[in-house]
Amino acid sequence: MLQAVVWTLRCLPHSNPGLFVRRQSSRVAQRGVLAKRVAVLTGSTDGIGFAIARRLAQDGAHVVISSRKQQNVEHAVATLQGEGLSVAGTVCHVGKAEDRQRLVAKALEYCGGVDILVCNAGVNPFVGSTLGASEQVWDKILDTNVKAPALLLSQLLPHMEKRGNAAVILVSSVSAYFPIVELGAYNVSKTALLGLTRTLALELAPKNIRVNCLVPGVIKTDFSKVIHCNEAIWNQLKQSHQLQRIGKPEDCAGLVSFLCSEDASYITGENIVVAGCSSRL
Ligand code: NAP
């Protein structure tokens, strides 16, 4: 009961007082650049998404995490709540319309609105030549990596619009700038996200919704094992890395927090590379 009251007070003035989150930490951060903001994240029970979730919550946001597997959601929620952070979670496979709907519903139920959306979930089910990728592979990659962020945002839009000052972060990859051999369809999907960022930034600016894009380089996670666990590949890649090391998920998290904060209130439509090397002319 006390926790429910604490949660409600923390969400004010935005929340509907009748709606409570069920599992919340009692030691929620009240200060921070994201205090009282509500953040929804996809693909956030591990790797880069998890590090971003932790950082947004440490910076004061109430965070709703999600991924495909219930046990991963429960584990991630328990870990972050154990750190005293304000976190709830639900299952959401971003490629499934009903799951996206549930994520929206849960976020509203937990806190009555959403200020921040981080679309981090991304897949690459195929390694091989671009023209060797089947239609199913193309569909899966484009559905998950490109269509799902747009569809989820369209479901959240009316609620974000109501808050009057929202931020969206898409997650691309340096493979959008420098295509990686044998990851053709993935490279293309990540390039499409750069276009989606600029297009949405233009369309949503009148609604005071900013849209920016995190562009990670090689970051040490399960997803990138094939690169960082192979010494030959990594030694070759290292040549182009001024900082000469593999990135950590935490290297991405501070940038996302900044882009969602008031300090970034005049930044939209940007793609920002976090890769230990320079990427522009
Ligand atoms: P990761 O460590 O493998 O974590 C992936 C997370 O997403 C997990 O929480 C996973 O949990 C969830 N997930 C996977 N498929 C999902 C789906 N269809 N719907 C919802 N959740 C899903 O991956 P990561 O390296 O952090 O990558 C995160 C993002 O960064 C991706 O978009 C990736 O393309 C991008 N990226 C990564 C690197 C890198 O070097 N690591 C570089 C550039 C870009 P469940 O299994 O429970 O679903």
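All residue numbers refer to position in the chain's written sequence, counted from 1. Where local features are concerned, this predicted model is filtered to residues with pLDDT of at least 70; where side-chain atom pairs are given and counted, the filter is 80 or more; whole-chain, interface and lining totals use all residues. The basis for every side-chain value is the complete set of heavy atoms in the structure, and neither hydrogens nor water enter the calculation.

Chemist: Quick one: what's the story with the overall build of the chain, residue by residue and with numbers?
Modeler: Each helix and strand in the chain was counted, giving 9 helices and 7 strands. Think of it in three bands: residues with accessible area under 20% of the maximum for their type are buried, residues over 50% are exposed, and the middle band is partly exposed, with areas taken using a 1.4 Å probe on protein chains only. Going through the 281 residues of the chain one by one, you find that 53% of them count as buried. Throughout, a residue-residue contact means that at least one pair of heavy atoms, one from each residue, lies within 4.5 Å. Long-range pairs, those at least 24 residues apart, make up 70% of the contacts in the chain with a sequence separation of at least 6. A run of DSSP states H or I qualifies as a helix once it reaches four residues; a run of E qualifies as a strand once it reaches two. Both are numbered from the N-terminal end.

Chemist: I'd like to hear about the packing of aromatic side chains, residue by residue, with values.
Modeler: Aromatic rings from Phe, Tyr and Trp, taking only the six-membered ring of Trp, are treated as a pair when their centres fall within 6.5 Å; an angle between ring planes under 30 degrees marks them as stacked, one over 60 as edge-to-face, and anything in between as tilted. Under the definition given, this model contains 2 aromatic pairs. Ring geometry for Tyr-177 versus Phe-178: centroids 6.4 Å apart, planes at 45°, classification tilted. For the ring pair Tyr-186 and Phe-223, a centre distance of 5.8 Å and an interplane angle of 45° mean the geometry is tilted. Placement of Tyr-186 in helix 6 (residues 184-204) and of Phe-223 in the loop between strand 6 (209-216) and helix 7 (225-228) is noted, with a sequence separation of 37 residues between them.

Chemist: Break down the sheet that holds strand 1 (residues 38-42) for me, with residues and values.
Modeler: The pairing of strands in a sheet comes from backbone hydrogen bonds and takes either a parallel or an antiparallel form. When DSSP locates at least two bridges between a pair of strands, those strands are taken to pair. With parallel pairing, 7 strands are arranged side by side in an open sheet as 3-2-1-4-5-6-7. Looking at which strands have only one partner, the edges of the open sheet turn out to be strand 3 (87-91) and strand 7 (271-274). Mean inter-strand twist for the sheet, computed between neighbouring axes without regard to direction, equals 20°. With axes taken as lines fitted to C-alpha atoms, and helix axes fitted only over the stretch in contact, angles between N-to-C directions fall between 0 and 180 degrees. Across the sheet, helix 3 (residues 70-82) lies against strand 2 (62-67) and strand 3, angled at about 180° from strand 3, the strand it touches most. Running at roughly 165° to strand 6, helix 6 makes contact with strand 5 (166-171), strand 6 and strand 7 of the sheet.

Chemist: Just give me the short version of the pattern of salt bridges, but keep the residues and values in it.
Modeler: Salt bridges are counted wherever a side-chain nitrogen of Lys or Arg sits within 4 Å of a carboxyl oxygen of Asp or Glu. According to the stated counting rule, one finds 11 salt bridges in the structure shown. In this structure, Asp-222 and Lys-225 form a salt bridge, with 3.5 Å as the shortest nitrogen-oxygen distance. Through salt bridges with shared partners, one network takes in Arg-37, Asp-115 and Arg-163.

Chemist: Can you break down the site of the ligand residue by residue, with the values?
Modeler: Inspection of the region around the ligand gives 31 residues, with Thr-45, Ser-67, Arg-68, Tyr-186 and Thr-221 positioned closest. Ile-48 is positioned such that a nitrogen or oxygen atom in its backbone is 2.7 Å from an oxygen atom of the ligand. Polar contacts, as used here, are pairs of N or O atoms within 3.5 Å; protein pairs need one atom able to donate a hydrogen and one able to accept it. Residues neighboring in sequence count only if both atoms are side-chain atoms. Note that an oxygen atom of the ligand is positioned 3.0 Å from one of the side-chain N or O atoms of Lys-190. We get accessible surface area from the Shrake-Rupley algorithm with a probe of 1.4 Å; when it comes to residues, only the shown protein chains can shield them. Taken by itself the ligand offers 900 Å² of open surface, and the protein chains cover 93% of this. Of the residues in the shell around the ligand, the class split is 11 nonpolar, 15 polar and 5 charged. Near is defined per residue: the residue qualifies when any heavy atom it owns lies within 4 Å of the molecule or strand. Any residue that is not Ala, Val, Leu, Ile, Met, Phe, Trp, Tyr, Cys, Pro, Asp, Glu, Lys or Arg is counted as polar, Gly included; the first ten are nonpolar and the last four charged.

Chemist: Talk me through helix 2 (residues 47-58); I want residue IDs and the actual numbers.
Modeler: By definition here, a helix of n residues has an expected span of 1.5 Å times n minus one. The terminal C-alpha atoms of helix 2 lie 17 Å apart, and with 12 residues this matches the ideal 16 Å at 1.5 Å per residue to within 8%. Helix 2 sits mainly inside the fold: 9 of its 12 residues count as buried. Where helix 2 is concerned, the buried positions are Gly-47, Ile-48, Gly-49, Phe-50, Ala-51, Ile-52, Ala-53, Leu-56 and Ala-57. Gly-60 lies just past helix 2 and shows a positive phi near 105°.

Chemist: Can you tell me about the confidence of the model for the chain, naming the residues and giving the values?
Modeler: With 89% of its residues at a pLDDT of 70 or more, the chain shows a mean pLDDT of 89. For residues 1-29, every residue scores under 50 in pLDDT, and the model assigns this stretch 58 contacts once sequence neighbours within four places are set aside. pLDDT runs from 0 to 100 and stands for how confident the predictor is about each residue.

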